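Below are the chains, spelled out letter by letter.
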Amino acid sequence: MPTVSMTVNGKPTSGEAEGRTLLVDFLRGPLGLTGTHVGCDTSQCGACIVHVNGEAVKACTMFAAEADGAEVQTIEGMANADGSLSVIQQAFQDHHGLQCGFCTPGMVMSAAALLKDNPKPTETEIRDYLEGNICRCTGYHNIVKAIMAASGQDVSAIAAE
């Protein structure tokens, strides 16, 4: 079986992967990084979003071999170096941007990609960007509020739901 090597969350790693092994399965299986979720297997829900070479990617649509030599960041790599929550993760906690938590890793990874490209997005821009992420619990209101807060915008006028 071929060996796939990549840097995951800043650490060089490698493992065996069949040609048909999806990146999400490689991360969850041999690497034990189970924060990246498998929600639909059809690229609809966004629960499997990771960053590959700085770009948000649905890991259920990419083969592990395609990430050979790449820099991959998962939800496990989003925390600060001291282990504390990142600004985005803290905003999700502070503004109740989660309920069951299943979609949260993909939402956080999507939010990070959005804020990298658009540091002060409007509510509409956030909702449009999250179109590829499905949350079955929250109704998105507090997720949008959390992302706006993480961007440093005042959310005090936005009512809680």
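This write-up is about the structure you can find in this document. Since this is a predicted model, take the numbers as computed values, not measurements. (Residues numbered from 1 in each chain as written. Predicted model: local features only at pLDDT ≥ 70, side-chain atom pairs only at ≥ 80, totals over all residues. Heavy atoms only, no water.)

Some words on the pattern of salt bridges
- Within this structure, the stated rule accounts for 3 salt bridges.
- Note that E18 and R20 form a salt bridge whose closest N and O atoms lie 3.0 Å from each other.
- Given a relative accessible area of 35%, E18 falls into the partly exposed group.
- For R20, a relative accessible area of 64% gives the class exposed.
- Where R127 meets E123, a salt bridge forms, and the shortest distance between an N and an O atom there is 3.1 Å. (Salt bridge = Lys/Arg side-chain N within 4 Å of Asp/Glu carboxyl O. Buried < 20%, exposed > 50% of the residue type's maximum accessible area, 1.4 Å probe, protein only.)

As for the sheet that holds strand β2 (residues 11-16)
- Pairing within the open sheet is mixed, and its 5 strands lie in the order β2-β1-β5-β3-β4. Both outer strands of the open sheet, β2 and β4 (55-58), are each paired with one neighbouring strand and no more. Pairs of neighbouring strands in the sheet enclose a mean axial angle of 40°, with direction left out of account.
- Pairing of strand β3 (residues 49-52) with β4 involves 4 bridges; the strand directions are antiparallel. Counterpart to I49 in the pairing with β4 is K58.
- Relative to β3, helix α3 (residues 104-117) is tilted by about 40°, and along the sheet it contacts β3, β4 and β5 (71-73). (Pairing = 2+ DSSP bridges. Helix = DSSP H or I, 4+ residues; strand = E, 2+ residues; numbered from the N terminus. Axes fitted to C-alpha atoms, helices over the stretch in contact; angles between N-to-C directions. Contact = heavy atoms within 4.5 Å.)

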